[in-house]
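Coordinate inspection notes
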Amino acid sequence: MKDEAVTREDRVASLKGMGCSRKRVEDARFTQGKGNYVDDIKLDGMLFGDFVRSPYAHAKITNIDTSAAMEVPGVLAVLTAADLAPLGLHWMPTLAGDKQMVLADGKVLFQGQEVAFVVAEDRYAAADGIEAVEVEYEELPVIVDPFEALQSDVILRPDTVGEDGSPSDGAHGPRKHHNHIFTWECGDKDPTEQVIANAEVVAEESMYYHRTHPCPLETCGCVASMDKVNGKLTLWGTFQAPHAIRTVVSLISGIEEHNIRVISPDIGGGFGNKVGAYPGYVCSVVASIVTGKPVKWIEDRMDNLMTTAFARDYWMKGRISATKDGKITGLHCHVTADHGGFDACADPTKFPAGFMNICTGSYDIPTAFLEVDGVYTNKAPGGVSYRCSFRVTEAVYFIERMIEVLAIELDMDASELRKINFIKKEQFPYKAALGWEYDSGDYHTAWDKAMNAVDYDGLRAEQKQRIEDFKAGKTRKLLGIGLTHFTEIVGAGPVKNCDILGLGMFDSCEIRIHPTGSAIARLGTISQGQGHATTFAQILASEIGLPADSITIEEGDTDTAPYGLGTYGSRSTPVAGAATAMAGRKIRAKAQMIAAYLLEVHDDDVEFDVDRFVVKGAPEKFKTMKEIAFAAYNQAIPGIEPGLEAVSYYDPPNMTYPFGAYVCVMEIDVDTGVTDIRQFYALDDCGTRINPMIIEGQIHGGLTEALAVALGQEIAYDDMGNVKTGTLMDFFLPTAWEVPNYETDHTVTPSPHHPIGAKGVGESPHVGGVPCFSNAVHDAFRAFGLRQTNMPHDHWRIWRTANELGLHD
Amino acid sequence: MIPASFEYHRPTDMAGVLSILVEHGDDARVMAGGHSLIPMMKLRMADVPHLIDLQDVGGLAGITVGDTITIGAMVTQSDIILHDALADAAPILREASLQIADPQVRYMGTVGGNVANGDPGNDMPGLMQCLDATFTVVGPNGERKIPAREFYEAAYMTGREDDEVMTAVSFAKPVGGHAYEKQKRKIGDYATAAAAVQIVKDGGTCASASIAMTNLSDTPVYSAAAGDALVGTSVDGDAIKAAVSAMLNDIDPVEDNRGPVAFKRHVAGVILARAIERAWSRA
Ligand SMILES: Cc1cc2nc3c(=O)[nH]c(=O)nc-3n(C[C@H](O)[C@H](O)[C@H](O)COP(=O)(O)OP(=O)(O)OC[C@H]3O[C@@H](n4cnc5c(N)ncnc54)[C@H](O)[C@@H]3O)c2cc1C
């Protein structure tokens, strides 16, 4: 094989490995309508199930009459809690150590709760059947406010009180009240109180991070098919963690795990909505077992918004102390967390408030204390991490608002205050006051780059002029300059402290090299639009020297893929990406031995060069990986098994800590509350960059979801517990029309402990974007005395702020 | 989100439509673009056992432009936007239509459906009141004409009888300056507040003005008093203030997810002031 004409650069380029903006291989099917989503799955004799849902937020159920529904043509069965109880399936465990009703067991706790499951020949008959089920409710007092819940005599969950009427212990320790779920503490309480008591300056603020929803374009759903002949259950579904779902299904159904096959087909967005286990899955499985036919369940948009997986709903109270020059000395944070009727958060078991304890942010804060109280209310369960690692968006919002409030207290520029307090480059690895060890960072470099890129001083000068003009009556528009420096914590995580239901949060990759030099790799993760088939092939291309175009990536089928914990919390690249690199290195190690044999030299005398092994000092003597692959299957090599395969299960030694510096420049019409984003600059540091184009796409998407949350997206309830934002008319999902132009930029600070230095990026823009948009709104009104106004900053709330500040007088 | 079952009828002429309406009474309803009716059916807020699709009924989709402008009931919002002669003669129609819903909805949504629907959120009823349009309906007893300013009684209650079908809207070719100003939360949203304004200028003073507001009451609000406040003035700040306060006496907004009443009243004033200024600058 002579290829002298081909330069080394050409060989690198032809691999389309790491750093290349390779086009997404998935898009050919997605853009042609050839994706295969769960609702595309159609099986012979398939039935359709759907729920009778509660119109009330809190009510006793005195009777369910299914007889009329059974008369509806096409309706085959109606399941209620009474049918599931003998199987022990009327309740199911949640990922948070709580349990949740699969079908209402005597009462309902939130509007839209699953009351009965109608199984019919098609979804039209099911819808008619639902109308015909007669449920008698007796309304109970509704509590939608967690503070009221903690005072109220009303017992939301009968299982929270012991026989003597006092609160029983919850999954995370004693309860303070029957509607209380847990207290989670972190850091040093007394020292923090002392530091704050003795501080020169203290800023105190309360903020509400409102309830919202991930709202993926594709809602949740599944198809359950029980084959009674071979005893095998196949479950297709919108699962962000198919292997964990298999284990959970096995544990709760008693079906042996080898007899369950879970398949996540193409998934139309997850954002945390598809991590948990939902009543629809359980009911579909039971219905398939009962009827012997495949059963499909698909949420409609209202079901999705009202019942599966809300996000946020954190009432946060902070105190931050500093010297009068602005050096932060302490931070205290208390959260009242509204979890709704069941605690169904999808957090690692030991972290009932997720990684809220990253709330010291990017700052060197010597002393800190965090306390979170989880509370039941009459709202839907969830508490998922919507496009963020566990509760990281809440944490970053909290600290980035507290910094702004402290800047006001100190009468200091908010950029300057950040610079004074950033953890310095030489302090990494940095042990934070609330326990985490930040692996790497260079915040000052990123920040300065951002400030220069937007001409920060120029913006402030313009803003000063604008304020004067406003006061002189020359304009009715204010200018807001929103700043954010975020530090994320992703890639959960080290098995020693991260598990879900006892399953360690490692991940995996298994590679098979085919004789002709192409390959298939399977992972324990599952793409929901992130482009894994594109980027994981790039990692492998660089690691094993075969072109990315010759590598198939497969995920989501538990019968074929190695066990892994799935995709959420930006964990795919940090964990499964690392497993991929490590498995690739095993392939390479064996390839080296084969190459040495073929080249008739000692193993140590060959070295890897892009797509081949060459004899050290004699680059004209080489074997390409393609040649080596063939040899692995057709040569009898002494001491080496035939074949070329590897598997790696990767337990990360630490989390990764992506960071970024964002700036938002916003015009605000004080008379109408209308906002206009003039500029948005996003600098991200996700360590090693695998595919810059995919990174940019992730940034654009995450920023757009951040804009949504900051400026209007919410799940709102009235006092009766009715959901006021159950359709896309009122639930804000931005379109191209509402989205500004984004300027993206980057620095590269590789993770020191990750095999390829990559940190994860899918969620950074959301985590950093929300406080940045919100800070822009706050900043516009800072000169008029605003300290804190809660999101979402929709027109009327901004108008209210202006009104309360006297700007309409 | 699945409607109750229904019979689907697709007659090819008006006689066919009317005979089904007469036969089934309350149980029958016509459908134009379906973009208001179908969502209501899917939410099971409208139960329509007999759905009569107007798509194949001829003669309802024309636009004629002269001293009088006539627009057939089945003309879509998109047709309006694309019709250059109409945009020259009555530019407020294109300006308003471009602020309705989104392009996909505008390909389906019709003028007849928009004005017949009776939803206070629809933009065309207010627009038609501003233009002093007349609606033509036909029923078993023949044709009749109803002024837009008298058509709306309450939310979803109009002067049209259940067995009547709207065939066209018509109005005199507007003169003077125009503006359609609308505040909404996002594309595809109904108005937080919207104002339709036509102003005629004579020398430096306002000779006549017509003002109608949208989504600020359970019906569109034609505010004669607001228009009168401008007549004879130079449409300066004081006159605009007077028009705004007259308009505020005529609206009656309710709180919803768009905001509380005080906010809506404030925004209504701002939107109307802007609409007047723009219309005056074009007059
Ligand atoms: C996402 C979305 C956003 C929207 N945003 C806006 C907006 O911002 N502003 C706005 O004005 N509209 C908006 N609409 C409504 C849209 O413009 C509708 O299409 C329009 O209001 C109704 O027209 P249609 O042809 O679809 O009527 P249909 O839905 O077919 O009918 C509506 C009602 O009118 C009756 N009807 C229809 N035609 C006749 C007729 N010829 N005679 C008698 N009765 C008739 C029907 O029986 C029904 O009761 C929106 C719709 C959607 C889905």
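Quick note: structure is the one above.
Residues numbered from 1 in each chain as written. Chains lettered and ligands numbered in written order. Predicted model: local features only at pLDDT ≥ 70, side-chain atom pairs only at ≥ 80, totals over all residues. Heavy atoms only, no water.

Overview of the overall build of chain A
- The secondary structure content of chain A amounts to 20 helices and 33 strands.
- Relative to the compact-globule value of 28 Å for 809 residues, chain A shows a C-alpha radius of gyration of 28 Å, a close match.
- Seen through its principal axes, chain A has C-alpha atoms that stretch 85 × 75 × 50 Å.
- Across the 809 residues in chain A, those meeting the buried criterion constitute 65%. (Helix = DSSP H or I, 4+ residues; strand = E, 2+ residues; numbered from the N terminus. Rg over C-alpha atoms; globule rule 2.2 N^0.38 Å. Buried < 20%, exposed > 50% of the residue type's maximum accessible area, 1.4 Å probe, protein only.)

Here's the deal with the site of the ligand
All names here are of chain B.
- Contacts to the ligand come from 32 residues, most closely from V30, G33, G34, T110 and D123.
- One of the backbone N or O atoms of G33 is found 2.7 Å from an oxygen atom in the ligand.
- The separation between an oxygen atom of the ligand and a polar side-chain atom of T110 is 2.7 Å.
- Contact with the protein chains hides 94% of the accessible area of the ligand, taken as 950 Å² for the molecule alone.
- Only β2 (28-31), α6 (103-108), α7 (111-117) and β10 (165-172) provide two or more residues apiece to the shell around the ligand.
- Counting residues per element, the shell around the ligand draws most heavily on α7, which supplies 5 residues.
- When its residues are assigned to classes, the shell around the ligand shows 14 nonpolar, 13 polar and 5 charged. (Near = heavy atom within 4 Å. Polar contact = N/O pair within 3.5 Å; in protein donor to acceptor, adjacent residues only side chain to side chain. Areas by Shrake-Rupley, 256 points an atom, 1.4 Å probe, with all protein chains shown as cover. Nonpolar A, V, L, I, M, F, W, Y, C, P; charged D, E, K, R; others polar.)

With respect to the side chain of B:T167
- Position of B:T167 relative to the elements: it lies in strand β10.
- Not counting residues up to four positions away in its chain, the partners in contact with B:T167 are B:M14, B:L60, B:I71, B:G72, B:A73, B:T136, B:V137 and B:V138. (Contact = heavy atoms within 4.5 Å.)

Examining the packing of helix α20 (residues 795-804) of chain A against helix α12 (residues 261-282) of chain B
- Remark: α20(A) packs on α12(B), axes separated minimally by 10 Å, with the N-to-C direction vectors making an angle of 90°. By the criterion of interaxial angle, the relationship of α20(A) to α12(B) is roughly perpendicular. For the pair formed by α20(A) and α12(B), the contact residues are A:H795, A:W796 and A:W799 on the first element and B:A262, B:F263 and B:H266 on the second.
- Looking at the contact of α20(A) with α12(B), its residues break down into 4 nonpolar, 2 polar and no charged. (Axes fitted to C-alpha atoms, helices over the stretch in contact; angles between N-to-C directions. Parallel < 35°, antiparallel > 145°, perpendicular 65-115°, else oblique.)

What about the pairing of strand β15 (residues 310-322) of chain A?
Residue and element names in this part refer to chain A.
- Most of β15 sits out of view: 11 of its 13 residues are buried.
- Judged from the 11 bridges that link them, strand β10 (residues 201-212) and β15 form a sheet pairing that is antiparallel. Looking across to β15, one finds that R211 is bridged to R312.
- The sheet contact formed by β15 and strand β18 (residues 382-384) spans 2 bridges and is parallel. The residue bridging A311 from the neighbouring strand is V384, located in β18.
- In this sheet, strand β16 (residues 328-338) lies alongside β15 in antiparallel orientation, the contact comprising 9 bridges. Paired with A322 across the bridge in β16 is I328.
- Remark: 5 residues form the turn of the hairpin made by β15 and β16, two consecutive strands paired antiparallel; G326 in that turn has positive phi of roughly 100°. (Pairing = 2+ DSSP bridges.)

Considerations on empty space enclosed by the protein
All names here are of chain A.
- For the coordinates displayed, the defined rule picks out 7 cavities of 30 Å³ or more.
- A volume near 140 Å³ is recorded for the largest cavity.
- Lining the largest cavity are 18 residues, with Q100, G276, A277, Y278 and A344 positioned closest to its centre.
- Of all the secondary-structure elements, those providing two or more residues to the lining of the largest cavity are β4 (91-93) and β18. (1 Å grid on protein atoms, 1.4 Å probe; cavity = no way out; pocket = protein on both sides within 12 Å on 5 of 7 lines; lining within 4 Å. Points joined across faces, edges and corners; volume = space filled by probe spheres on them.)

Some points on the sheet that holds strand β2 (residues 59-65) of chain A
- The antiparallel open sheet is built from 3 strands, whose spatial order is β6-β2-β8 (chain A). With one partner strand each, in any of the chains shown, β6 (107-108) and β8 (134-139) of chain A form the two edges of the open sheet.

Here we look at the pairing of strand β26 (residues 551-555) of chain A
All names here are of chain A.
- Along β26, the buried face is formed by I551, I553 and E555; none of T552 and E554, which line the opposite face, is buried.
- Judged from the 5 bridges that link them, strand β25 (residues 519-523) and β26 form a sheet pairing that is parallel. From the neighbouring strand, A521 faces β26, where its bridge partner is I553.

Considerations on the side chain of B:Q129
Residues and elements named next belong to chain B.
- Following the sequence through the fold, Q129 ends up in helix α8 (residues 124-130).
- On the basis of relative accessible area, Q129 is assigned to the buried category, the value being 3%.
- Apart from residues no more than four positions distant in its own chain, Q129 is found in contact with A148, R149, Y152, S210, A212, P220, V221 and Y222.

A short note on the nonpolar core
Residue and element names in this part refer to chain A.
- By size, the foremost hydrophobic cluster in this structure holds 184 residues, and its most contacted members are F355, M356, V372, Y438, F680 and F781.
- Looking at this core element by element, the count peaks at 12 residues for helix α11 (residues 392-410).
- With residues up to four places along the chain from it excluded, the contact list for Y438 reads I358, T360, G361, I423, F428, P429, Y430, A432, Y443, T487 and Y657.
- Counting residues in hydrophobic clusters, the runner-up holds 48 residues, among them A519, I544, L546 and Y650. (Core = buried A, V, L, I, M, F, W, Y, C linked by side-chain atoms within 4.5 Å.)

Concerning the interface of chain B and chain A
- Opposite the 23 residues of chain B that make contact, chain A presents 25 residues.
- Taken together, both faces of the contact between chain B and chain A bury some 2100 Å²; the carbon and sulfur share is 59%.
- For the pair chain B and chain A, the interface holds 4 salt bridges.
- Counting every contact that joins chain B to chain A gives 13 residue pairs in polar contact (both at pLDDT 80 or more).
- Of the residues forming the side of chain B that touches chain A, the biggest block, 6 residues, is contributed by α12(B).
- Broken down by class, the residue content of the side of chain B that touches chain A amounts to 11 nonpolar, 5 polar and 7 charged. (Buried area = accessible area lost by both parts, 1.4 Å probe. Salt bridge = Lys/Arg side-chain N within 4 Å of Asp/Glu carboxyl O.)

Just distances and angles here, no functional claims.
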